[in-house]
Every structure is written in C-alpha cells, then in structure tokens.
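# Chains, contacts and geometry: an overview
Here is what each chain is made of, one letter per residue.
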Amino acid sequence: MEMKPFQLANNTPLSLSPNFILPVNKRPNLLKVLPSASIPIIDLNDHDIDDGQGPSPLVSKISQACEEYGLFHIINHGVPKELCQKTLSVVREQYLTKDHTKQVKVFNYYQKVQKYEGIEKVKMWSETFSHPWHHTEDFTHLLPTNPPQYRYLSWLIYKLFTFELDIRGLGLENDCLKRRIGERPRLNCQANYYPPCPDPELTIGLPEHNDLGSIAVLLQVEGVTGLQVIKDRKWLPVDPVPNAFVINLADQIQVLSNGKFQSVRHRAVTNKLLPRLSLGMFYNPNYDTVIGPIEDLIDEEHPPKYRKYSFKEYMEEFYRQEGKRRVIEAFELAP
Ligand code: OGA
Ligand code: NI
C-alpha cells in the first residue's frame, strides 16, 4: 500500500520546499554530532540506599547530573510502561487523523533567519499541540475528545508531577522547588510530532533553545533518535532509554540555583526513516511568582548572578527577544 504524504494541519503537504530549508549557518551539521553519549541515568529505586548521613547517594547523583548536563534520564519512576505506550499511541493518532476539537490547535513552528533576501521565516519539520494541565483543576473540556483514551494522559501527568515534587530541592533543601515555584504552578503539556524527512541535514524539527520554565519531563518514543543537547560546546544525542523519562532543567532552575545547575540547551533533529513523537510536560511558575537566586546559596564568595524578577517579566523579555539571544542574559548581574 502506498503511504499518503503527511499533511500539516493547514493541509500543506510536507515536502522539502524552500520554506523548510535552513540557511547553511543554521543547519544541524549532523556529522559533527557525537555518535553516542553517556547521558546520566538515575534509578529512582536507589532511594533505599540512604544512610541518613548528609545528602543521600540518589540526591548527590541528581545534583551532579544537574550541574554537569542539566538533563538526565530517570528509570523506575513508577509510571506503568503500558500507560506511557498507550499515551504515545493516542497522541500519534491525534496527528495522523487530524481529528482535533476546536480547542486543541496544532502549530507548525517557524524560525526567523537571515536569508539572501532579508529576514525570512523557515518552517520547522514538525507539528505541535499544547494545552494547560493541572490535576487540581478541571481542564478536561480542553482535551481532544477523540479518541477517548487521550484522557489517560491525565493519570500519567498526575503521577509525573507528584514525582516531580518528590525530586524536591535537587539537593538544595526539602520542598524547595515547590515553595519557590509557588503554590500555583502553571503546568503545560506539549506533544511534538516529527515526520521522516528526506534530507535531515537541511531542516530541523525544533531549533536549539532553552526551556523557559523550571523543569520539563519528556517522554519519547523508543527506537527513534532526535533529541540532542550541548555539553562542552558539542552536540550530543539523547537517545531514548527503555521505560525512561528525560528530565530537562530550564532557565528558572538555573536562576534559583544561582548558576549551579544548568538550564540545558537542546534541539530536535529529523531522520530519514521513522516518524518521531515526544510528549513534554512543563512545570512553570505562575506569572506573579518572584524568581531570584535562593538566599541560602548567596554569601560574599558567591554573590547573586541574577536579579529578582517576576516570571511575567521573564516571558515578556522572551517575546521581545524573538529568539535573538538567550532570555536569561537579560537578568544577569555584572560580576
Ligand atoms: C520541547 C522540546 C524535545 C523533543 O518541546 O521544548 O525540547 O525531543 N522537545 O521533542
Ligand atoms: Ni525544549
């Protein structure tokens, strides 16, 4: 049977037309990406090995991963494998049937780049939909109604965020994240679909970026690579690990930790053969939450590296920048 070409939500067939092709200096340069990398894998079952003396080995491992990479896999997280697989297959169906309710908008992102004729918008080789998600509010009216299993996600996300609060201070202080990010975090869920691309060197699924909130939990389909991160100025692949979630530190954690933990720079590239699917769950502060380096981390030797601001200010700065530079730089204090 011949496959129908994939169509974007606005019915544009997906083909390597000029408006998808990046200028040479923005291309992913895949030959320069290391073939594999040892991204930390944190086994949450290691919780048991706690001798009560100082930070537990689990917390130390997480802290080290946060300092060195800003990203790690977690395994034995307690979310059943079947649920993760079912959720991904339901999301896949959403894309392939394009049967969305009015509330769920599918986006095809673009990146503004300099081309011969001036600034142009280049389309990303992907589609995305997102919606708010908070287990204490009734948001079910925002979700796709078809297929009905999509609502299984609710359980998955509930589990993830109770887990997320459980990683707590990432080695700082119990409950630190929960208190700093505020009582009313903004939770958002984003599903990304990356169809196969005839020439992955010419396009990108998601351009390089830092997530703006505090933490993202990413579920990716097994057996298809695409996510990459920068470490020591080199791009490394974050290949899927069976039954794992990827934990991604975002900008607010870098500020709260006064630069100790890294907000990870990452991107998603395409591949020739297989469609790739990922589901990101983002844990962000409320707009009125004030963010700044945690006082306990500040002393004469460690002056604050960032000024205080509200998360609303941060987002306004993001929209002002239009991707021209890293948002966090606008909040840095002179050394
Ligand atoms: C994101 C993101 C990576 C991926 O949605 O912000 O970085 O692998 N996704 O889809
Ligand atoms: Ni991201």
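So, here is what we can say about the structure in this document. (Residues numbered from 1 in each chain as written. Chains lettered and ligands numbered in written order. Predicted model: local features only at pLDDT ≥ 70, side-chain atom pairs only at ≥ 80, totals over all residues. Heavy atoms only, no water.)

### Observations regarding the coordination of the nickel ion (ligand 2)
Here the nickel ion (ligand 2) is held by His209 (NE2), Asp211 (OD) and His266 (NE2), and the distances to it run 2.1 to 2.2 Å. By relative accessible area, which is 22% here, histidine 209 ends up partly exposed. Assessed through its relative accessible area of 5%, histidine 266 is described here as buried. (Donors = N, O, S within 2.8 Å, 3.2 Å for Na, K, Ca; no water. Buried < 20%, exposed > 50% of the residue type's maximum accessible area, 1.4 Å probe, protein only.)

### A word on the pairing of strand β11 (residues 234-237)
Relative to β11, strand β10 (residues 227-231) is paired through four bridges, and the arrangement is antiparallel. Counted as the bridge partner of lysine 231 is lysine 234 from β11. Between β10 and β11, which follow one another and run antiparallel, lie two residues, and aspartate 232 among them has a positive phi close to 45°. (Pairing = 2+ DSSP bridges. Helix = DSSP H or I, 4+ residues; strand = E, 2+ residues; numbered from the N terminus.)

### Looking at the sheet that holds strand β8 (residues 206-209)
The sheet built from four strands is open, its strands ordered β8-β13-β10-β11 with antiparallel pairing. The sheet is open, and its two edges are formed by β8 and β11, each paired on a single side. Between one strand axis and the next, the sheet turns by 25° as a mean value, whatever way the strands run. As paired strands, β10 and strand β13 (residues 266-268) are joined by three bridges and run antiparallel to one another. Bridged to valine 229 within β13 is histidine 266. (Axes fitted to C-alpha atoms, helices over the stretch in contact; angles between N-to-C directions.)

### Notes on the site of ligand 1
As a matter of local geometry, ligand 1 sits amid Gln190, Asn192, Tyr194, Leu206, His209, Asp211, Leu218, Leu227, His266, Arg276, Ser278 and Phe282. Between aspartate 211 and ligand 1, the recorded distance is 3.3 Å, taken from a side-chain N or O atom to an oxygen atom. Considered on its own, ligand 1 offers 290 Å² of accessible surface; in the complex 95% of this is hidden by protein. Going through the elements one at a time, β7 (186-194), β8 and β14 (276-284) are the ones with two or more residues in the shell around ligand 1. (Near = heavy atom within 4 Å. Polar contact = N/O pair within 3.5 Å; in protein donor to acceptor, adjacent residues only side chain to side chain. Areas by Shrake-Rupley, 256 points an atom, 1.4 Å probe, with all protein chains shown as cover.)

### Digging into the pattern of salt bridges
The tally for this structure, following the rule as stated, stands at ten salt bridges. Among the ionic pairs, aspartate 232 bridges to lysine 231, the shortest N-O distance being 3.2 Å. Given a relative accessible area of 62%, aspartate 232 falls into the exposed group. Taking the relative accessible area as the measure of exposure, lysine 231 reaches 18% and is therefore buried. The salt bridge involving arginine 307 is made with glutamate 313; its shortest N-O contact spans 3.3 Å. Overall, the relative accessible area of 31% leaves glutamate 313 in the partly exposed class. (Salt bridge = Lys/Arg side-chain N within 4 Å of Asp/Glu carboxyl O.)

### Observations concerning helix α1 (residues 57-68)
Residue pairs spaced three or four apart in an α-helix point in one direction, given the helix's 3.6 residues per turn. With twelve residues, α1 should cover 16 Å at 1.5 Å per step; its first-to-last C-alpha distance of 16 Å lies within 8% of that length. Buried within α1 are the following residues: Leu58, Ile62, Ser63, Ala65 and Cys66. The arc that holds every buried residue of α1, seen down its axis, measures 165°, which confines them to one face. The elements touched by buried residues of α1 are β1 (41-43), β2 (71-75) and β12 (245-249). (Expected span 1.5 Å × (residues − 1). Arc of directions from axis to C-beta. Contact = heavy atoms within 4.5 Å.)

### A few points about the sheet that holds β14
On the basis of which strands lie adjacent, the open sheet formed by eight strands has the order β1-β2-β12-β9-β14-β7-β6-β3 and mixed pairing. Of all the strands in the sheet, the pair left with one neighbour each is β1 and β3 (106-107). Examined bridge by bridge, strand β6 (residues 127-132) and β7 share six bridges and lie antiparallel to one another. When the bridges of β7 are listed, glutamate 127 appears paired with tyrosine 193.

### Considerations on helix α6 (residues 311-321)
Every buried residue belonging to α6 is among Phe311, Tyr314, Met315, Glu317 and Gln321, and all of these are buried. For α6, the arc enclosing every buried residue in end-on projection is 155°, short of the 170-degree limit, so these residues lie on one face. Exposed residues pointing more than 90 degrees away from the buried face of α6 are listed as Tyr319 and Arg320. Close packing links the buried residues of α6 with α5 (251-256), β14 and β16 (309-310). Glutamate 322, located one to two residues past α6, shows a positive phi value of around 50°.

### Considering the nonpolar core
As a rule of thumb, soluble globular proteins bury nonpolar side chains together. Ranked by size, the top nonpolar core spans 55 residues in total, and within it Phe72, Tyr95, Leu279 and Tyr314 carry the most contacts. A total of five residues in this core trace back to one element, the largest contributor, which is helix α2 (residues 81-97). Tyr69, Leu218, Val229 and Val264 belong to the second largest nonpolar core, which has ten residues in total. (Core = buried A, V, L, I, M, F, W, Y, C linked by side-chain atoms within 4.5 Å.)

### A few points about unusual backbone geometry
A positive phi is found at asparagine 29, a non-glycine position, where the angle reads about 50°. Looking at the secondary structure, you find asparagine 29 in the segment before β1. When its relative accessible area of 40% is taken as the criterion, asparagine 29 is described as partly exposed. Phi is positive for arginine 233, which is not a glycine, with a value near 65°. The topology assignment puts arginine 233 in the loop between β10 and β11. The class of arginine 233 is exposed, set by a relative accessible area of 82%.

### Focus on the side chain of asparagine 271
Tracing the backbone through its elements, the reader meets asparagine 271 in the loop between β13 and β14. In this structure the side chain of asparagine 271 is engaged in a polar contact, spanning 2.8 Å, whose partner is the backbone nitrogen of leucine 273. Beyond its immediate stretch of four places on either side in the chain, asparagine 271 contacts Pro196, Cys197, Pro200, Val224 and Thr225.

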